[in-house]
Amino acid sequence: METKILKLKLKIWRQKNANSVGSFVDYDVSVSPDASFLEMLDELNNKLESQGLEPVVFESDCREGICGTCGLVINGQPHGPIPRIATCQLHMRNFKDGDTIWIEPFRAKAFPVIKDLMVDRSGFDKILQAGGYISANVGGAQDANMIPIPKDVASEAFDAAACIGCGACVAACKNASAMLFVSAKISHLGLLPQGQPERYRRVDRMIKVMDELGFGSCTNTYACEAECPKGISVKFIARMNRDYIAAKLKSKTLEQV
Amino acid sequence: MIKLESKVPSGNISEKWTNHKFNLKLINPANKRKYTIIVVGTGLAGASASATLGELGYNVLTFTFHDSARRAHSIAAQGGINAAKNYQNDGDSVYRLFYDTVKGGDFRAREANVYRLAEVSGNIIDQCVSQGVPFAREYGGLLDNRSFGGAQVSRTFYARGQTGQQLLIGAVASMNRQIDLGTVKLFTRREMLDLVVIDGQAKGIVVRNLVTGEIEKYSAHAVVLATGGYSNVFFLSTNAMNCNTTAIWRSHKRGALFANPCFTQIHPTCLPLHGESQSKLTLMSESLRNDGRVWVSKIKNDMRQPNDIPEEERDYYLERKYPSFGNLSPRDISSRAAKEVCDEGRGVLGGEAVYLDFRDAIKRLGRNVIEERYGNLFEIYETITGDNPYQVPMKIYPAPHYTMGGLWVDYNLMSNLPGLFVLGEANFSDHGANRLGASALMQGLADGYFIIPYTMGDYLASYKPTLVDTSHPEFEKVKNEVQETTKKLLSIKGKRTVDDIHKQLGRIMWDKVGMARNEKGLKEAISQIRNLREEFWTSVNVPGSGDDVNQTLERAGRLIDYLELGELMAIDALNRNESCGGHFREEYQYEDGEAKRDDENYSYVAAWEFKENFNWELHKENLVFEYVKPAVRSYK
Ligand SMILES: Cc1cc2nc3c(=O)[nH]c(=O)nc-3n(C[C@H](O)[C@H](O)[C@H](O)COP(=O)(O)OP(=O)(O)OC[C@H]3O[C@@H](n4cnc5c(N)ncnc54)[C@H](O)[C@@H]3O)c2cc1C
Ligand code: SF4
Ligand code: FES
């Protein structure tokens, strides 16, 4: 293992609460290249706390790239410079001695800052609570092998279901659009046979709430896919748009009847 | 005087649950919405319970300290979930899953609970598939299985290396549906800090709003805790950073018995420690042991690179010692075996790690197959360590992972406090002294989807609890106590940080209450923990205020509880003069180093009652084995 210590300058966004104005504050740190990015922040916070100062507020939980809690903009990139990982999976061996690192919260109108690097992403759950499910009561399910699902279909549904709800797609998008997230959810359920009965109602309701919450529209720049830690494909956005149009056509037809 | 009644129904084991369900009292559908139920936790157990209770029509209030239900620690489970479907036609059955679990738990679990778990396991898979959980499938479109430690059949269902995530997305979606329908109300960023008990019954909770700092009171007819395990008492564990014992520990201090606190599981396949700044340990799914071979050098302090160590100088110690289970030996046994070879100085470069090698599997099956099976795990490994496991063997070492102990519950999953139910990892119920891989997800969902909906109705119908207004003096009293604790923490302004003290506690626990324990060490641990607790209250530094987001305050509050629980774990381990499952007392072993159980004297659940001034009284629930006869647990 390398034992070289990296000396770095951090410029961290500090903001007391949603209503106050924030600014960047400078910190000097020394850290082992084997440490993770968040462990570097832990060490900084430990130092601040030992001086009786308020530590930098940032969120994390699993530290394995699966819960979607962490999420920082590092040198302008959501989840930092390495593709396909969440912030908690970034390790300091990817930085050089003497580097300056800018650390900011995910920024979007629909993700207001709560404090420092912590933001409110509850909008995502509001969208899911507007139909992002399959209505299947407990107790009535038939045997799990009754409906065979071709491996490739199950696998595609899984690719969509791999989304960790981190919000990097929104932070990466110049319009702060949530289309990648919402399309991943809709495609996961819409690809499976169990998801068919509610397929069009679901897409209609979820998109309505997404728009109401102030997420922007998609102008096909695909910054979301590039920054998504799970590599969720923009093909799901196209799929969702098709379903959405079909849903609109269906409801029109119904209105005319 | 507390009397422990397990409430296990009579009759043949295979009919107990069916008969019991019939005998349980029911609440008429129109009356259900008049009952308010609090659920704390939105992991597999809490989310599934909230969804199901909501479906039945109860008025459910669900709480989580996370910002979103989907972030509960269950999301991190990788390997899979067991179910006795016998889709592989390899001889599995409800009885075999029951048998494996009782034996795997080293005969320290309640037979009737385990049987019920096995009995509903198949329905769990049905339910998950109907919700859209994308389990792995074969080309024919049917569900695929793999095997896990401690079993000789393939009964584990999985979704790549992200089974917990997919199951939780399914359970949370079901809960979201109830939120949409208005039966469940979800309170996020709320940490339960105390339980309100009135006339011996659980009546509500007091929580801190983690954004505004406000202390809030909520009342209900019954309270369900599904708040997960306490492995973070070790500071370093595979659990998520914010996992804690606060909800169950503070309920314990309000009268709920804590069962088998010393039964903790040390998982054999985790990444070894890299340095002082380390914040947590990363698990490499046990499923890797299906194809990876575990070995160390035959020579002490061998400083050669692994690929330079020739075949005849490698010791595949699990295959050698346990030929019939080999690399798939149960967790406690595999962990201890790794510790043994490392203690002999035969670990990687003489240190604390062993190899997990895929060379032979890649040769046999081809790189593609291995990539298909474990691709994402290999990637995780490479991001963290910088090594490529397709070329160099992985390095692994055991780490604290799961806690079999938890609040004592009866067959209905109710604690000794009427109205307080405990589900998932937070209770003690099904895994005895050692949990088999892929059985925690199964238990969480069994509790939430299939057990609590029945037993809750029975409680409400038989006890007829009333709803107490939160202006009741007891609610006020508990709220004041919580506020006092916060004030005190903020006023100490000492010299040590929360993490610094937590790390010290973790070291004591790992060295003395970890993989191997002895009387002397445990006694030392108890006095060291007491001293550390005193030091905490005089020298911790919690900057900031209680009126807004204060993560240090959150961690300090959790550490208070770990500093108390740690002592009880040591006391429990000291009381148990035997070795069983994850609890290995060095004084009690056979000549070949295998664990020596003492069924005559310790075939009981140790349920501890909290008394004033950190004294505990032991209550025993004797375990009777009518079906799986206790025998030396051999995997040879
Ligand atoms: C890395 C890892 C991999 C694993 N892999 C597997 C596997 O492959 N198969 C398997 O069967 N098991 C596995 N396990 C074990 C399994 O994941 C857990 O035992 C199980 O998910 C626990 O579920 P739970 O619902 O009981 O609790 P959790 O999922 O831990 O949920 C706890 C919930 O309670 C909330 N909470 C806690 N305290 C409070 C409080 N005071 N106030 C408010 N809310 C609170 C949290 O916010 C959270 O919502 C794994 C565990 C780990 C650590
Ligand atoms: S789509 Fe990708 S970036 Fe967006 S929330 Fe999901 S995982 Fe995060
Ligand atoms: S902390 Fe869970 S994804 Fe980063």
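Nothing here was measured: the structure is a model prediction, and the numbers come from that model. (Residues numbered from 1 in each chain as written. Chains lettered and ligands numbered in written order. Predicted model: local features only at pLDDT ≥ 70, side-chain atom pairs only at ≥ 80, totals over all residues. Heavy atoms only, no water.)

Q: Give a description of the site of ligand 1 that names residues and reports values.
A: Residue and element names in this part refer to chain B. With respect to spatial proximity, 37 residues lie near ligand 1, and among them His66, His73, Ser74, Met192 and Glu425 are the closest. At a separation of 3.2 Å, an oxygen atom of ligand 1 approaches a polar backbone atom of Leu44. Here the shell around ligand 1 takes three residues from strand β6 (residues 190-198), the largest share from any one element. Taken together, the residues that form the shell around ligand 1 break down as 15 nonpolar, 18 polar and four charged. (Near = heavy atom within 4 Å. Polar contact = N/O pair within 3.5 Å; in protein donor to acceptor, adjacent residues only side chain to side chain. Helix = DSSP H or I, 4+ residues; strand = E, 2+ residues; numbered from the N terminus. Nonpolar A, V, L, I, M, F, W, Y, C, P; charged D, E, K, R; others polar.)

Q: Could you give an account of the site of ligand 2, naming the residues involved and the relevant values?
A: Residue and element names in this part refer to chain A. Cys163, Cys166, Gly167, Cys169 and Cys228 are the nearest of the 13 residues found near ligand 2. Put simply, the parts of the chain that give the shell around ligand 2 at least two residues each are α4 (168-172) and α5 (179-191). When grouped by side-chain class, the residues that make up the shell around ligand 2 number eleven nonpolar, two polar and no charged.

Q: I'd like a description of the domain arrangement of chain A, backed by residues and values.
A: All names here are of chain A. Examined at the domain level, chain A breaks down into domain 1 (6-115) and domain 2 (121-135 + 146-249). The centre of domain 1, based on its C-alpha atoms, is set 28 Å off from the matching centre of domain 2. With 20 residues of domain 1 at the interface, the matching set in domain 2 holds 19 residues. Summed over both partners, the interface of domain 1 with domain 2 comes to about 1,500 Å²; 60% of that surface belongs to carbon and sulfur atoms. In this structure, the connection of domain 1 to domain 2 is made through four residue pairs in polar contact (both at pLDDT 80 or more). A class-by-class count of the residues in the side of domain 1 that touches domain 2 yields ten nonpolar, six polar and four charged. (Domains from an automatic or database assignment. Contact = heavy atoms within 4.5 Å. Buried area = accessible area lost by both parts, 1.4 Å probe.)

Q: Run through the pairing of strand β5 (residues 100-104) of chain A, naming residues and quoting values.
A: Taken residue by residue, a regular strand's side chains alternate between the two faces of the sheet. Residues and elements named next belong to chain A. Relative to β5, strand β1 (residues 6-14) runs parallel, the two being bridged by four bridges. Residue pairing in the sheet places Ile12 in a bridge with Ile103 of β5. Relative to β5, strand β3 (residues 73-74) is paired through two bridges, and the arrangement is antiparallel. Considered in β5, the bridge of Ile74 is made with Ile103. (Pairing = 2+ DSSP bridges.)

Q: Give me the lowdown on the sheet that holds strand β18 (residues 604-611) of chain B, citing residues and values where you can.
A: Residues and elements named next belong to chain B. Taken in spatial order, the four strands of this open sheet run β16-β10-β18-β19, and their pairing is antiparallel. With one partner strand each, in any of the chains shown, β16 (406-407) and β19 (615-622) form the two edges of the open sheet. In terms of strand pairing, β18 meets β19 through eight bridges, oriented antiparallel. Across the sheet, Ala606 pairs through a bridge with Lys620, a residue of β19.

Q: Describe the side chain of B:Thr52, listing the residues and the values that go with them.
A: With respect to the helices and strands, the residue B:Thr52 is situated in helix α3 (residues 44-56). Not counting chain neighbours up to four residues away, the residues in contact with B:Thr52 comprise A:Val138, B:Gly448, B:Tyr449 and B:Pro453.

Q: Got a sec to walk through the packing of helix α15 (residues 519-539) of chain B against helix α16 (residues 551-575) of chain B? Specific residues and values, please.
A: Residue and element names in this part refer to chain B. At a minimum axis distance of 9 Å, the contact between α15 and α16 shows a crossing angle of 160 degrees. In terms of axis orientation, α15 runs roughly antiparallel to α16. α16 is crossed by α15, and the crossing has left-handed handedness. Contact residues: α15 offers Glu519, Leu522, Lys523, Ala525, Ile526, Ile529, Arg530, Leu532, Arg533, Phe536 and Trp537, while α16 offers Ala556, Leu559, Ile560, Leu563, Glu564, Gly566, Glu567, Ala570, Ile571, Ala573 and Leu574. Residues belonging to the contact of α15 with α16 are distributed by class as follows: 15 nonpolar, one polar and six charged. (Axes fitted to C-alpha atoms, helices over the stretch in contact; angles between N-to-C directions. Parallel < 35°, antiparallel > 145°, perpendicular 65-115°, else oblique. Left-handed = near helix turned anticlockwise from the far one by under 90°.)

Q: Quick one: what's the story with helix α11 (residues 367-385) of chain B, residue by residue and with numbers?
A: Residue and element names in this part refer to chain B. Across its 19 residues, α11 extends only 20 Å between first and last C-alpha, which sits more than 12% below the 27 Å expected from 1.5 Å per residue. At Tyr374, α11 is bent by approximately 80 degrees, the largest bend along its length. The set of residues buried in α11 consists of Ile370, Tyr374, Gly375, Leu377, Phe378, Ile380 and Tyr381. Along its buried surface, α11 packs onto α10 (359-365) and β15 (394-403). (Expected span 1.5 Å × (residues − 1). Bend = angle between axes of the 7 residues up to and from the residue. Buried < 20%, exposed > 50% of the residue type's maximum accessible area, 1.4 Å probe, protein only.)

Q: How would you sum up the nonpolar core? Please name residues and give values.
A: Of all hydrophobic cores here, the largest spans 230 residues; its most connected members are A:Leu10, A:Phe37, A:Leu41, B:Ile81, B:Phe135 and B:Ile205. What B:Phe135 contacts, discounting residues up to four positions off in sequence, is A:Ala154, B:Ile81, B:Ile125, B:Cys128, B:Val129, B:Leu143, B:Phe157, B:Tyr158, B:Ala159, B:Thr163 and B:Leu167. Among the nonpolar cores identified, the runner-up in size contains 32 residues, and B:Val294, B:Tyr317, B:Leu356 and B:Tyr635 belong to it. (Core = buried A, V, L, I, M, F, W, Y, C linked by side-chain atoms within 4.5 Å.)

Q: How would you sum up the domain arrangement of chain B? Please name residues and give values.
A: All names here are of chain B. The domain boundaries assigned to chain B delineate domain 1 (16-22 + 33-263 + 404-463), domain 2 (268-399) and domain 3 (476-602). Spacing between the C-alpha centres of domain 1 and domain 2 amounts to 31 Å. Counting from both sides, the interface comprises 21 residues of domain 1 and, opposite them, 24 residues of domain 2. Buried area between domain 1 and domain 2, both sides added, is near 1,900 Å², and the carbon and sulfur share of it is 54%.

Q: Any details on the pattern of salt bridges? Residues and values, ideally.
A: A full pass over the atoms with the stated rule returns 76 salt bridges over all chains. Salt-bridge contacts for B:Lys85 lead to A:Asp143; the nearest nitrogen and oxygen are separated by 3.0 Å. Note that B:Lys85 is positioned in the loop between β3 (81-82) and α4 (94-104) and A:Asp143 in the loop between α2 (122-128) and α3 (151-161), a pairing that runs across two chains. Residue B:Glu524 is joined to B:Lys520 by a salt bridge in which the shortest nitrogen-to-oxygen separation is 3.3 Å. In this pair, B:Glu524 and B:Lys520 are both assigned in helix α15, four residues apart and thus about one turn of the helix distant. Since its relative accessible area comes to 27%, B:Glu524 is described here as partly exposed. The structure contains a network of salt bridges with shared partners spanning B:Asp106, B:Arg108, B:Arg576, B:Glu578, B:Arg597 and B:Asp599. (Salt bridge = Lys/Arg side-chain N within 4 Å of Asp/Glu carboxyl O.)

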